[in-house]
Amino acid sequence: MIRRQENVILDVITRIMVPFIQIFAFYVIFHGHYSPGGGFQGGALLAGSVFLQRVVMGRERSLSGFHVKLGVPFGVIGILVYGGTGLVAQVFGGNYLQYEWLPFGLDPVWARNTGILLVEIGVAFAVMGILISIYDNLSAREGEGEKR
Amino acid sequence: MNDIFTTLIAERWAYLLTVVMIIIGLHAMMMKRNLVKKLIGMNIFQGAIILLFIVHAYKFGASVPVHDAVLGDHPEAYMNPIPHGLMLTAIVVSVATTGVALALLTLIYRRFGTIDEIELLQKLREEP
Amino acid sequence: MSGAHGAEAVVDHAVSMGQSHLPILVILPLLLGCVLVPGLGLWRRRWAYPLTLVAFALSAYFAFRTLFAVLEGGPLHYTLASWAPPVGIELAVDALGAFVAAVVSIIALLVAVYAGEAVRRENPVREVPFFGMMLVLLLGLTGMVLTGDLFNLYVFFEVSSLGGYSLMAIGHKKAPISAFRYLIMGTLGASFYLMGVGYLYLLTGSLNMADVAGIISTMGLNPALLVSLVMMVVGLGLKMALFPMHLWLPDAYTYASSTSTAIIAPIMTKISAYVMIRMLFFVYDWDLFLNVHHIGDIIKWLAIAGVFVGSIMAIGQKDAKRMLAYSSVAQVAYIGVGIGMANPLALVGAMLHIMNHAAMKSCLFLVTGSVAMQTGAQRLKDYAGLGRRMPWTFAGFTFAAMAMVGLPPTNGFFSKWYLVLGGIEDGEWPMVGLILASSLLTAVYFFRLLERVYSKVPGEEQKPAGAEDPSFRMRLPILLLGVGVLVLGLFNAWFVSRVLSQALPHGMSLPGF
């Protein structure tokens, strides 16, 4: 899984499939709050697309797609988006995570829709970042990642 | 006798399946020597609980819990979506726990060279 | 339209901001901290610890404000995300919850003060993730205490457990093995709790604790309800280390690093005990199940067996941390005894013991951590004569040890006193005798250690290197906790009359308060 699979067919098919997987993942994220789907599922699919690259193309070559160092920052940004949306809703009136108070100048029902959508996007990025960082940590060679 | 058979197996087979999965998961967690197999047993056990919740969300003749213009607003026409939402959260928790467990297993394997429970307990008992 | 509405609401909101938002404000600093500490810590390592300390301090401040708000104004309810309960999730803080939240946050703050230097000395490479995991642990524990929704409690339960597993895996070389065992058993416990919640949801259709309690009180005995209660007791008993499900605890506490044990040992098992109190007394019909159907008796006898097993095993230990770990098993079992007896005085004793044991145990584990870091001594015989070299450290240790044994006027005496009173009221003379006998056993192993610590060692010329008091930052929490043990004991009447008498479930009231 760390070294490259020296197989042209796998390489080409991966290169074709990864964009489709990611587009489908975004579809799942954006339709999550009123039909099957949502943040976690979309995030897992996004992470899956990166795993496919890591497994087929080997660690070094797939680093240009998604670098190892990006895993935890994506996770942090995702959770901050989630928590931040709730906090913004709290600052502008209302309780934590009461999206109708978001200051976008929208009708309350649409404000809640937008709020949930923002939260789902945050969750998706958080899940993607953390799943990829779990995979990278488990497949790291000994001594890697210990410098910090 | 026929009555028990009908009630227990024909009508409630989903719960029997849950019980079977719980037993398999517990057996794996307790009896298997390899730590990875224990982890798999834990996942099976959590899957059984997820099954228990989801089975209860089903209603006879109901459709998926997505609002449909044709079916209208009657709650009887849709399956209960709350257990589905709860179980999504439970799956996420299970994934996170499995991630931590795998990281611990990797660390154990690198330090001790084995992931067999009996050998590890021996190493635990000997003086440092 | 929504702009004007918004402006008026902001003004209204600014007026009432401090009061009505208190429950979430206890959790928010920890939530933001546990994301920012790994994030900013990757960038600038030196910011990790100050951020952690600020997060703990803010959370403790809001926890105390919540406690005083609840004592004056009654229970607080905070709805999240604009769905009103029972459909939506709410935070429901009553006197018991506010009390436990305040205890947890102040103990965590004191350990965090100690941790600043201890973590740097014990494992400097992993400093940033360590503080992040401390925040995750506290986030989960505080959320568990303050929530009013059954499934939300499960989520916070698992969040805190994940923090606990990660913290336990750092330390000794053998730590990951015991952390893995703890992981398997802890997840099993949480899964049993989830099954109990599943049955409750199926029977009542609601996940809100107050709503479920209302529906259950009209239901009487139902086999499915009994099964769900049993599953919850088993699951929470696993996490609480109630005998015979305590086997993960000694190894886990012994091999973890000193700061990990110091923050997990006082609070994690206690919060599981708190959840058991919350479930058994506030959600289920406690009179029906605990008294009529003898579940209380089962819990009581298992717990007193746990007290004896823990105390006897502690006497036979040679390693200091292992002795304290078995002692923890015994002390948490006292809380189990109080729960099982199910009368007002015993329950007050159990709740008081949550606070008392948290203070005593954290002091003791901080002392063993300091000693291990300063002199490298881990086994009890290496503690000989250290009392004179490390006077402040062992002063705190002495107070905490006296409290563990139960000498008045330290706080340990009063919680056992209430347990004994509860036993006398119910006429449970065997239980009373066993509680008193176990105090004698506790005295055996603590006084043996105290004598060894303060005795003069022949051939004192080979001084163990570094046998002096640790730095001020590490000494301060030990001293504060040592003094606190006395102060909490002297003021226990205030706690019982002002806080705990309001914390009892309905159907119970304290005589004479």
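Residues numbered from 1 in each chain as written. Chains lettered and ligands numbered in written order. Predicted model: local features only at pLDDT ≥ 70, side-chain atom pairs only at ≥ 80, totals over all residues.

## Digging into the overall build of chain C
At step 1: A count of helices and strands for chain C gives 21 helices and two strands.
At step 2: Against the 2.2 N^0.38 benchmark of 24 Å for 513 residues, chain C shows a C-alpha radius of gyration of 22 Å, consistent with a compact globule.
At step 3: With respect to the principal axes defined by its C-alpha atoms, chain C has extents near 80 × 60 × 40 Å.
At step 4: Among the 513 residues that make up chain C, the fraction classed as buried is 62%.
At step 5: Long-range contacts, defined as pairs at least 24 residues apart, comprise 80% of the intrachain contacts of chain C with a sequence gap of at least 6. (Helix = DSSP H or I, 4+ residues; strand = E, 2+ residues; numbered from the N terminus. Rg over C-alpha atoms; globule rule 2.2 N^0.38 Å. Buried ≥ 20, exposed ≤ 12 C-beta atoms within 10 Å, placed from the backbone. Contact = placed C-beta atoms within 7 Å.)

## Here's the deal with the overall build of chain B
At step 1: Per the secondary structure count, chain B includes five helices and zero strands.
At step 2: Listed N to C, the secondary structure of chain B is α-α-α-α-α in terms of helices and strands.
At step 3: The principal-axis extent of the C-alpha atoms belonging to chain B is close to 70 × 45 × 15 Å.
At step 4: Across the 128 residues in chain B, those meeting the buried criterion constitute 23%.
At step 5: Considering only intrachain contacts with a sequence separation of at least 6, the fraction spanning at least 24 residues in chain B is 44%.

## Focus on the environment of P86 of chain C
At step 1: If you trace the backbone, P86 of chain C turns up in the loop between strand 1 (76-79) and strand 2 (90-93).
At step 2: When neighbours within four sequence positions are excluded, P86 of chain C is seen to be in contact with S206, N208 and D211 of chain C.

## Re the interface of chain C and chain B
At step 1: Each partner contributes residues to the interface: chain C has 23 residues there, and chain B has 25 residues.
At step 2: Counting only elements with at least two residues in the side of chain C that touches chain B, the list comes to helix 6 (150-168) and helix 7 (175-204) of chain C.
At step 3: When its residues are assigned to classes, the side of chain C that touches chain B shows 15 nonpolar, four polar and four charged. (Nonpolar A, V, L, I, M, F, W, Y, C, P; charged D, E, K, R; others polar.)

## Some points on helix 13 (residues 295-315) of chain C
All names here are of chain C.
At step 1: When the terminal C-alpha atoms of helix 13 are compared, their 30 Å separation across 21 residues agrees well with the 30 Å that a helix rising 1.5 Å per residue should span.
At step 2: Taken residue by residue, helix 13 has I295, G296, I299, K300, A303, I304, G306, V307, G310, S311 and A314 as its buried positions. Here the buried residues of helix 13 occupy an arc of 160 degrees about the axis, which is enough to place them on one side.
At step 3: Close packing links the buried residues of helix 13 with helix 9 (223-240), helix 12 (286-292), helix 14 (320-341) and helix 19 (429-454). (Expected span 1.5 Å × (residues − 1). Arc of directions from axis to C-beta.)

## Things to note about the pairing of strand 2 of chain C
Residue and element names in this part refer to chain C.
At step 1: Side-chain alternation along strand 2 places E90 and A92 on one buried face and L91 and V93 on a second face that is also buried.
At step 2: Sheet topology note: the strand 1/strand 2 ladder contains four bridges and is antiparallel. Across the sheet, Y78 pairs through a bridge with L91, a residue of strand 2. (Pairing = 2+ DSSP bridges.)

## Notes on the packing of helix 3 (residues 35-56) of chain B against helix 4 (residues 81-112) of chain B
All names here are of chain B.
At step 1: Between helix 3 and helix 4, whose axes approach to 10 Å, the crossing angle comes to 175 degrees. Regarding the angle of helix 3 to helix 4, the classification is roughly antiparallel. Here helix 3 contributes L35, V36, L39, N43, Q46, I50, F53, I54 and H56 to the contact with helix 4, which in turn contributes P83, H84, L86, M87, A90, I91, S94, T98, A101 and L105.
At step 2: Classifying every residue of the contact of helix 3 with helix 4 by side-chain character gives 13 nonpolar, six polar and no charged. (Axes fitted to C-alpha atoms, helices over the stretch in contact; angles between N-to-C directions. Parallel < 35°, antiparallel > 145°, perpendicular 65-115°, else oblique.)

## Brief notes about the environment of R473 of chain C
All names here are of chain C.
At step 1: Counting through the fold element by element, R473 comes out in helix 20 (residues 472-490).
At step 2: Distance in space between the C-alpha atoms of R473 and V113 is 6.5 Å, their sequence separation being 360 residues.
At step 3: If we ignore the near neighbours within four places in the chain, the residues touching R473 are V113, Y114, G116 and E117.

## Side note on the confidence of the model for chain C
All names here are of chain C.
At step 1: Overall, the prediction assigns chain C a mean pLDDT of 85, with 93% of residues at 70 or greater.
At step 2: The element-level mean pLDDT for chain C is lowest in helix 1 (residues 2-20), coming to 46, with helix 6 highest at 93.
At step 3: The low-confidence segment residues 1-15 (pLDDT under 50) makes nine contacts with residues lying over four places distant or belonging to another chain.
At step 4: Overall fold confidence (pTM) sits at 0.91, and the ipTM for the predicted complex is 0.93. (pLDDT = per-residue confidence, 0-100.)

## Overview of the environment of A377 of chain C
All names here are of chain C.
At step 1: On the secondary structure map, A377 appears in the loop between helix 15 (344-375) and helix 16 (386-389).
At step 2: On the neighbour-count criterion, A377 (19 C-beta atoms within 10 Å) is partly exposed.
At step 3: C-alpha of A377 to C-alpha of A320: the two residues are 57 residues apart in sequence and 9.0 Å apart in space.

## A closer look at the nonpolar core
At step 1: Grouped together as the largest cluster of nonpolar side chains are 267 residues, with contacts concentrated most on M134 and A400 of chain C.
At step 2: For M134 of chain C, the contacting residues outside a window of four places in its chain are T52, A112, A115, L167 and I263 of chain C. (Core = buried A, V, L, I, M, F, W, Y, C linked by C-beta atoms within 7 Å.)

## Overview of the confidence of the model for chain B
At step 1: Summing up the model confidence of chain B, the mean pLDDT is 87 and the portion of residues at 70 or higher is 98%.
At step 2: Here helix 1 (residues 2-11) of chain B is the element of chain B with the lowest mean pLDDT, 77, and helix 3 of chain B is the one with the highest, 93.

## Section: the packing of helix 2 (residues 22-43) of chain C against helix 3 (residues 48-73) of chain C
Between two packed helices, what matters for the description is the angle formed by their axes and the separation of those axes.
Residue and element names in this part refer to chain C.
At step 1: The N-to-C vectors of helix 2 and helix 3 enclose an angle of 175 degrees; their axes lie 8 Å apart at closest approach. When the axes of helix 2 and helix 3 are compared, the pair comes out roughly antiparallel. Touching L22, P23, L25, V26, P29, L30, G33, L36, V37, L40 and G41 of helix 2 are A48, L51, T52, A55, L58, S59, F62, A63, R65, T66 and A69, all from helix 3.

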